[in-house]
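Architecture at a glance
If you want the building blocks of each chain, they are given just below.
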Amino acid sequence: MHPHDPHSWPRLLREKAARQYTRYDKPPTNDNMTNSPPETTPAKRNVEWVHLSDLHYCSARHGYDSGQVQTALLDDLKYMNNHHGFKPDFLFFTGDLAWGNDPKYPNEPLDRQFAAAHLLIEQARTTFDPEISRDRVFIVPGNHDIDRARALAPETEFLAKQTDVQAITALIHQAGPLWRRYIERLECYRQFLINCGYSHLLTDPQRIIFTQLHTVAGLRIGIAGFNTAWSCGESERKGSLWFAGEWQLKHLRTFLNDTDVRIALLHHPFPWFVDQEPTDLHIHFEREFQIMLHGHEHLGWVDQKRNGHVRISAGASYASSAKEKGYNLVRLNLDKRRAEVWMRTFDPFAAKWAPRVITGQTDNQGTLVLNPPWIPQPIKQSPPSNRLTYT
């Protein structure tokens, strides 16, 4: 038997060699071998976020349990990341990061409160794996974020005397000297955004409102941040605030064309605005935005309208030892075409965050499942292949 003569090989070896060689029409060479797309990690099919609000940071006035609540909050975010698979694309904070200038606490001015609150936001966004990038953190101002020392009586009296919404519309549209005196109430807040790396929230620095566009899981998402705090002063009774909501809505909406989902961020819900604001303002918001997130009332709640608009209110991240504390996470599941709102609350007896269960609304995990019609149909894709083909 000659080692280089195939005919001298035993029969079984000859058959095996024949099978290996005839598997392809041509033997593989560099010229006729092509790669099909390699098998990769499955494409992301969820859009997720965490929604916090109303921290009211001021260490001098916080109750005995504030550190406990905040540490437990970070632990709970990590728990939701590890045990429920939340990998948020965004962090939304709907106002009242700080407590505000208060003569009772002269050693803790507003800028120091913002700096400390920023550290908590940083811890929250980096708790997740993967962490949420800072340019996907979105904050709007609340009534506690204004510098009350700059809420002067003449400007407050001017607003109190107004009965014509057109005068307020002209005020915000022209952004002249009188408007600048109102927006000075948020100068410390504006500096906080600049100093802490949130300049993406100042696309309109004259009015401290913004829009941003992001694409996640193939969805084009438009985010609009509204300023409901600019008219806040000493008196903030329900129904006493000017919003200039119609102007803000029309102005910000022009930057959100060609989007699949639009999210509106506000601090105050509509009942807090004066009667002179358009009575149908909420209807326009429901038409132009699929989702509205807000805070202020320290009550976690979800409301879906017949047209599919979803309003989600966040509880307070921290208010006082006696008040309810809460936050929520949202997952838009594109394959199942549903929105899951996971509501969380602080249990003072267990000293930890837990599901907020609402009888008849949520499951035992505090999850409310919605089926809004605006979630698009999933795109059917062929399964990836890692086969080598030959031509």
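The shown structure was predicted, so the numbers you read here are calculated from the model rather than taken from an experiment. Numbering of residues starts from 1 in each chain and follows the order in which that chain's sequence is written. Where totals are concerned, whole chains, interfaces and linings use all residues; where local detail is concerned, this predicted model gives features only for residues with pLDDT of at least 70, and gives and counts side-chain atom pairs only at 80 or more. Computation of side-chain values covers all heavy atoms of the structure but excludes hydrogens and water.

On to the overall build of the chain, then. Helix and strand counts for the chain stand at 9 helices and 15 strands. A 1.4 Å probe rolled over the protein chains alone gives each residue an accessible area, and that area as a share of the maximum for its type sets the label: buried under 20%, exposed over 50%, partly exposed in between. Here the chain, with 391 residues, has 49% of them falling under the buried criterion. When contacts within the chain are restricted to residue pairs at least 6 apart in sequence, those whose partners lie at least 24 apart make up 72%. Here the chain has roughly 19,500 Å² of accessible surface; of this, 51% comes from carbon and sulfur atoms. By the criteria applied, helices consist of DSSP H or I runs no shorter than four residues and strands consist of E runs no shorter than two, each listed in order from the N terminus. The contact definition used throughout considers only heavy atoms, calling two residues in contact when any of these lie within 4.5 Å. Only the protein chains shown count as cover for residues, with accessible areas throughout obtained via the Shrake-Rupley method and a probe of 1.4 Å.

Once the charged atoms of two side chains with opposite charge are near each other, the side chains can pair. Note on definitions: salt bridges are taken to be side-chain nitrogens of Lys or Arg within 4 Å of carboxyl oxygens of Asp or Glu. All told, the structure shown has 20 salt bridges when counted by the stated rule. Here Arg 220 and Asp 258 are joined by a salt bridge, their closest N and O atoms 2.8 Å apart. With Arg 220 in strand β6 (residues 219–225) and Asp 258 in the loop between α8 (245–253) and β7 (261–265), this residue pair connects regions lying 38 residues apart in the sequence. What makes Arg 220 partly exposed here is its relative accessible area of 34%. Taking the shortest distance from any N to any O, the salt bridge between Glu 340 and Arg 338 comes out at 3.0 Å.

Think of a nonpolar core as a cluster: buried Ala, Val, Leu, Ile, Met, Phe, Trp, Tyr and Cys residues, connected wherever their side-chain atoms sit within 4.5 Å. Counting residues in each nonpolar core, the largest one holds 103 residues, and the members touching the most others are Trp 49, Phe 226, Trp 230 and Phe 285. With residues up to four places along the chain from it excluded, the contact list for Trp 49 reads Pro 88, Phe 90, Phe 92, Ile 263, Ile 291, Leu 293, Asn 328, Leu 329, Val 330 and Leu 332.

Another point: unusual backbone geometry. Outside of glycine, negative phi angles account for most residues, and trans bonds account for most peptide bonds. Omega for the bond connecting Asp 129 with Pro 130 falls within 30 degrees of zero, at 0°, which places this linkage in the cis form. Along the chain, Pro 130 turns up in the loop between α3 (110–127) and β4 (137–139). The phi angle at Asp 96 is positive, at roughly 65°, despite the residue not being glycine. You can see Asp 96 is positioned in the loop between β3 (90–93) and α3. Positive phi, normally seen in glycine, also occurs at Arg 337, with a value near 50°. Its place among the elements puts Arg 337 in the loop between β11 (326–333) and β12 (338–347). Given the relative accessible area of 25%, Arg 337 is considered partly exposed.

Next up on the list: the confidence of the model for the chain. A residue-level look at the chain finds 84% of positions with pLDDT of 70 or above and a mean pLDDT of 87. Every residue carries a pLDDT, the predictor's confidence in it, which falls somewhere between 0 and 100. Predicted confidence is poor over residues 1–40, with pLDDT under 50, and the contacts of this stretch with residues over four places away or in other chains come to 33 contacts. Under a pLDDT of 50 for its full length, residues 385–391 has, in the predicted model, 20 contacts with residues more than four places off or in other chains.

Further remarks concern the pairing of strand β2 (residues 46–52). Buried residues dominate β2, accounting for 6 of its 7 residues. Here, strands pair whenever DSSP counts at least two bridges between them. As defined by bridge partners, β2 adjoins β3 across 4 bridges and the pair is classed as parallel. Opposite Leu 52, over in β3, you have Phe 93 as the bridge partner.

So, on to the environment of Val 69. As for its placement among the helices and strands, Val 69 is situated in helix α2 (residues 66–83). Counting along the chain gives 282 residues from Val 69 to Ala 351, while the straight-line C-alpha distance between them is 7.3 Å. Discounting residues that sit within four places of it in the chain, Val 69 has contacts with Ser 317, Tyr 318, Lys 325, Phe 346 and Trp 353.

A few words on the packing of aromatic side chains. For Phe, Tyr and Trp, rings pair up if their centres lie within 6.5 Å, where Trp contributes its six-membered ring, and each pair is then called stacked (planes under 30 degrees apart), edge-to-face (over 60) or tilted (otherwise). The full count for this structure, using the stated rule, is 22 aromatic pairs. Ring geometry for Phe 114 and Tyr 189: centres 5.9 Å apart, planes at 65°, overall edge-to-face. Linking Phe 114 in helix α3 with Tyr 189 in helix α7 (residues 187–195), this pair joins segments that are 75 residues apart in sequence. You'll find Phe 114 and Tyr 189 in the same group, each marked buried. On the basis of an interplanar angle of 65° and a centroid distance of 5.2 Å, the ring pair of Phe 270 and Phe 285 is categorised as edge-to-face. Of this pair, Phe 270 sits in the loop between β7 and α9 (281–288) while Phe 285 sits in helix α9, and the two are 15 residues apart along the sequence. Chaining the aromatic ring pairs together yields one cluster made of Phe 226, Phe 243, Phe 270, Phe 273, Phe 285 and Phe 289. Between Arg 331 and the ring centre of Phe 86, over which it is positioned, the NZ or CZ distance is 4.1 Å. The rule for a charge over a ring is simple: NZ of Lys or CZ of Arg within 6 Å of the ring centre, and within 35 degrees of the ring normal.

It is worth spelling out the sheet that holds strand β9 (residues 301–304) at this point. The strands making up a sheet are joined through hydrogen bonds of the backbone, oriented either antiparallel or parallel. What the 6 strands build is an open sheet, ordered β5-β6-β7-β8-β10-β9; its pairing is mixed. Only two strands of the sheet have a single neighbouring strand rather than two, namely β5 (210–216) and β9. This sheet shows a mean twist of 15° between the axes of neighbouring strands, independent of strand direction. One ladder, built from 7 bridges, connects β5 with β6; its direction is antiparallel. Across the sheet, the residue bridging to Val 216 is Leu 219, located in β6. For helices, the fitted line uses only the C-alpha atoms of the stretch in contact; every axis is such a line through C-alpha atoms, and the angle between N-to-C directions lies from 0 to 180 degrees.

Glancing now at the pairing of β3. It is a general feature of regular strands that their side chains alternate between the two faces of the sheet. In β3, alternate side chains face the same way, and those of Phe 90 and Phe 92 on one face and Leu 91 and Phe 93 on the other are all buried. Here β3 pairs with β4 via 3 bridges, running parallel. Paired with Leu 91 across the two strands is Val 137, which belongs to β4. One crossover worth recording links β3 to the parallel β4 by way of α3, and it is right-handed. We call a crossover right-handed when, viewed with both strands directed away from the observer, the connection leading from the first strand over the helix to the second proceeds clockwise.

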